[in-house]
Amino acid sequence: MTATPADVVHDALGPDDAMRCADLETLLFRGDGPWSAAAFLSEIGSRHTTCLAARADGRLVGYAVLAGLGPAGDREFEVHTIGVDPEYQGRGIGRALLRRMLEVADAEDAPVVLDVRTDNVPARRLYETHGFEVVGLRPRYYRPSMADAHLMVRPARGGGADTIGGDTGEGSGR
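Residues numbered from 1 in each chain as written. Predicted model: local features only at pLDDT ≥ 70, side-chain atom pairs only at ≥ 80, totals over all residues. Heavy atoms only, no water.

- An unreviewed UniProt entry lists the protein chain under the name Ribosomal-protein-alanine acetyltransferase, with Dietzia lutea given as the organism.
- Per UniProt, the protein chain carries the Sequence similarities (unreviewed entry) text "Belongs to the acetyltransferase family. RimI subfamily." (UniProt positions renumbered as here; feature names shortened; annotations may be inferred.)

Shown next, in the form of structure tokens:
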């Protein structure tokens, strides 16, 4: 399959996507406590989350979950998970999902936080090109692997979509 970003349709995750998301999580994050279908269903049904899908030929090939925390006017957003089917990585799908999440936060002039494995260099680079900075270390954060995580923050950027270009490679966001 050779889907390009132009061939990928973005929409909202729905309950019917939960099992496919869980399957991708297991493939992408096997040693780090992948989310179950029930966890995705909970997020999809929450009024505090934005759950995004990327589809190629009608098949879910990427997903992202963003949570809004705090009261209106004083919110912070947290990237809960983002992943792209390995067969589709390196085509800008993860970058596009991240940009859509950042647009949600920017519309509220809110900062965004996330955790990423310290050894996930492609994901960290992706986040850095979108204005995230490492602000802390969470030792043995991921379980059961006990891998460390960087805590990253992107300050509030009200009103505009990210304009950083180029595709430095991406895939999965933990």
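After that view of the structure, there is still more to cover.
1. Focus on the overall build of the protein chain
Alright, step 1. When helices and strands are counted, the protein chain shows four helices and seven strands.
Alright, step 2. When the helices and strands of the protein chain are read in sequence order from the N terminus, they spell out β-α-α-β-β-β-α-β-α-β-β.
Alright, step 3. Looking at the protein chain residue by residue over its 174 residues, the buried ones come to 47%. (Helix = DSSP H or I, 4+ residues; strand = E, 2+ residues; numbered from the N terminus. Buried < 20%, exposed > 50% of the residue type's maximum accessible area, 1.4 Å probe, protein only.)

2. Examining helix α3 (residues 93-107)
Alright, step 1. Taking 1.5 Å per residue as the helical rise, α3 with its 15 residues ought to reach 21 Å, and the 21 Å between its terminal C-alpha atoms agrees with that figure.
Alright, step 2. Those residues of α3 that fall on the buried side of the exposure criterion are I93, G94, R95, A96, L97, L98, M101, L102, A105 and D106. (Expected span 1.5 Å × (residues − 1).)

3. Details of the pairing of strand β7 (residues 149-154)
Alright, step 1. Where strand β5 (residues 112-117) and β7 come together, six bridges link them in antiparallel fashion. Bridged to L114 within β7 is M152.
Alright, step 2. Pairing of strand β6 (residues 133-138) with β7, which is carried by five bridges, proceeds in the antiparallel orientation. Within β7, the residue paired with G136 across the bridge is L151. (Pairing = 2+ DSSP bridges.)

4. Quick word on the side chain of D115
Alright, step 1. Relative to the helices and strands, D115 is located in strand β5.
Alright, step 2. Owing to a relative accessible area of 10%, D115 belongs among the buried residues under this scheme.
Alright, step 3. A distance of 2.7 Å separates the side chain of D115 from the side chain of R138, its partner in a polar contact. (Polar contact = N/O pair within 3.5 Å; in protein donor to acceptor, adjacent residues only side chain to side chain.)

5. So, the pattern of salt bridges
Alright, step 1. Under the defined criterion, the tally for this structure stands at ten salt bridges.
Alright, step 2. D85 serves as the salt-bridge partner of R20, at 2.7 Å between the closest nitrogen and oxygen. Here R20, found in helix α1 (residues 18-29), pairs with D85, found in the loop between β4 (76-84) and α3; they are 65 residues apart in sequence, far enough to count as distant. The burial state of R20 is the same as that of D85; both residues are buried.
Alright, step 3. A salt bridge links D85 to R59; the shortest N-O distance between them is 4.0 Å. Of the two residues, D85 is situated in the loop between β4 and α3 and R59 in strand β3 (residues 59-69); the sequence distance between them amounts to 26 residues.
Alright, step 4. Residues participating in the shared-partner salt-bridge network are D11, D17 and R55. (Salt bridge = Lys/Arg side-chain N within 4 Å of Asp/Glu carboxyl O.)

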